[in-house]
Amino acid sequence: GENVGLHLPTLSVQEGDNSIINCAYSNSASDYFIWYKQESGKGPQFIIDIRSNMDKRQGQRVTVLLNKTVKHLSLQIAATQPGDSAVYFCAEYSGGSNYKLTFGKGTLLTVNP
Amino acid sequence: DAGVTQSPTHLIKTRGQHVTLRCSPISGHKSVSWYQQVLGQGPQFIFQYYEKEERGRGNFPDRFSARQFPNYSSELNVNALLLGDSALYLCASSLVGGDRPQHFGDGTRLSIL
């Protein structure tokens, strides 16, 4: 079936560096995407979202890029901090009468001080 | 403002028992969704409720059921528990519309012995 996947299961960066987390999706009908951060023992925390009529959206220290041609999504974190260490998930919404989000397996980001 | 709250935070049950998990959405959110997250994986969609009606169901057996109350809170029920039901059960709430951010609680950690 359709799924959302991540290229890199783990990513280790130095504090202050920029981080890029990638995500590939296979459902061309998906029109809304969300990035979540999940720390140990907690639920997924909303970071940023983007709709399919956009190719870039910026938040505080984060930028999401969407390339519909190759069905690729990325999350860029500027000046990565130790507090950014967590598992990051991308999720897609493919429309329909329910609000089902389809998640990938996640990328573990480790920030070294 | 209070986020999504779930109770209990942890629960231990034995095979064959049943369990009820509870969720209170963010104030003003009328949609509630339930997800199951197995260790090392992304959340999997179980149900979505809006206006006390089931709007979507994921690929889960009939042992799983849910309901939504007039105050938009929700319960997830699981009967005849199996070892494989051990997981983190997450509740998410959102405004109406699939292209609205879903905000998650910290989940209920269910362990089946």
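What counts as what
- Residues numbered from 1 in each chain as written.
- Chains lettered and ligands numbered in written order.
- Predicted model: local features only at pLDDT ≥ 70, side-chain atom pairs only at ≥ 80, totals over all residues.
- Heavy atoms only, no water.
- Contact = heavy atoms within 4.5 Å.
- Buried area = accessible area lost by both parts, 1.4 Å probe.
- Polar contact = N/O pair within 3.5 Å; in protein donor to acceptor, adjacent residues only side chain to side chain.
- Helix = DSSP H or I, 4+ residues; strand = E, 2+ residues; numbered from the N terminus.
- Nonpolar A, V, L, I, M, F, W, Y, C, P; charged D, E, K, R; others polar.
- Buried < 20%, exposed > 50% of the residue type's maximum accessible area, 1.4 Å probe, protein only.
- Pairing = 2+ DSSP bridges.
- Salt bridge = Lys/Arg side-chain N within 4 Å of Asp/Glu carboxyl O.
- Disulfide = S-S within 2.5 Å.
- Core = buried A, V, L, I, M, F, W, Y, C linked by side-chain atoms within 4.5 Å.

Trainee: Lay out the interface of chain A and chain B in plain terms, naming residues and giving numbers.
Mentor: Quite often, the size of an interface is put as the accessible area lost when its parts meet. Contacts between the two partners involve 21 residues from chain A, matched on the other side by 26 residues from chain B. A buried area of about 1,800 Å², summed over both sides, lies between chain A and chain B, and 57% of it is on carbon and sulfur atoms. For chain A, the biggest contributors to the area lost against chain B are P44, Y99 and F103 of chain A; these three give 34% of the whole. Linking chain A to chain B there are six residue pairs in polar contact (both at pLDDT 80 or more). Elements with a minimum of two residues in the side of chain A that touches chain B: strand 4 (32-38), strand 5 (45-51), strand 9 (86-93) and strand 10 (101-103) of chain A. Take the side of chain A that touches chain B: its biggest share by element is four residues, from strand 4 of chain A. Considered class by class, the residues forming the side of chain A that touches chain B number 10 nonpolar, six polar and five charged.

Trainee: So, the pairing of strand 2 (residues 10-14) of chain A: which residues are in play, and what are the values?
Mentor: Residue and element names in this part refer to chain A. Residue alternation in strand 2 divides its side chains into a buried set, L11 and V13, and an unburied set, T10, S12 and Q14. Of the pairings in the sheet, the one linking strand 2 to strand 11 (residues 107-112) comprises five bridges and is parallel in character. Bridge assignment links V13 to a residue of strand 11, and that residue is V111.

Trainee: I'd love a proper account of the pattern of salt bridges, names of residues and values included.
Mentor: In the structure shown here, the tally under the stated rule is seven salt bridges over all chains. R61 of chain A serves as the salt-bridge partner of D84 of chain A, at 2.9 Å between the closest nitrogen and oxygen. Of this pair, D84 of chain A sits in the loop between strand 8 (72-77) and strand 9 while R61 of chain A sits in the loop between strand 6 (56-58) and strand 7 (62-67); the two residues are 23 residues apart in sequence, bridging distant segments of the chain. Between R67 of chain B and E75 of chain B there is a salt bridge whose closest N-O contact spans 3.3 Å. With a relative accessible area of 10%, E75 of chain B lands in the buried category. Each member of the salt-bridge network shares a partner with another, and the members are R22, R67 and E75 of chain B.

Trainee: Account for the state of the cysteines, with residues named and values stated.
Mentor: All names here are of chain A. A full pass over the atoms with the stated rule returns two disulfides over all chains. Linked covalently through their sulfurs, C23 and C90 form a disulfide whose S-S length is 1.8 Å. Since a negative S-S torsion denotes a left-handed disulfide, the C23-C90 link at about 55° is right-handed. Taken together, the positions of C23 in strand 3 (residues 19-25) and C90 in strand 9 put the pair 67 residues apart, joining distant regions of the chain.

Trainee: Could you give me a rundown of the nonpolar core, with the residues and numbers involved?
Mentor: Of all hydrophobic cores here, the largest spans 21 residues; its most connected members are W34, I46, F47, F64, L76 and Y89 of chain B. Those elements that provide at least two residues to this core are strand 3 (19-24), strand 4 (31-37), strand 5 (44-50), strand 7 (64-68), strand 8 (74-78), strand 9 (87-94) and strand 11 (108-112) of chain B. Core analysis: the second largest hydrophobic core is formed by 20 residues, L73, I77, C90 and L109 of chain A among them.

Trainee: Tell me what's going on with the pairing of strand 6 (residues 53-57) of chain B, and back it up with residues and numbers.
Mentor: Working note: regular strand, side chains alternate between the two faces of the sheet. Of the strand pairs in this sheet, strand 5 of chain B and strand 6 of chain B are connected by four bridges, and their pairing is antiparallel. Within strand 6 of chain B, the residue paired with Y50 of chain B across the bridge is E53 of chain B.

Trainee: Explain unusual backbone geometry to me, and be specific about the residues and the numbers.
Mentor: In this structure, the amide linkage connecting S7 of chain B to the following residue, P8 of chain B, adopts the cis form with an omega of -10°. The residue P8 of chain B is located in the loop between strand 1 (5-7) and strand 2 (10-13) in this model. We note that R61 of chain A has phi near 65°; this positive angle belongs to a residue other than glycine. Positive phi, close to 65°, is recorded for K52 of chain B, a residue that is not glycine. Residue position: K52 of chain B is located in the loop between strand 5 and strand 6. On the basis of relative accessibility, which here comes to 47%, the residue K52 of chain B falls in the partly exposed class.

Keep in mind that these numbers describe shape and distance, not what the molecule does.
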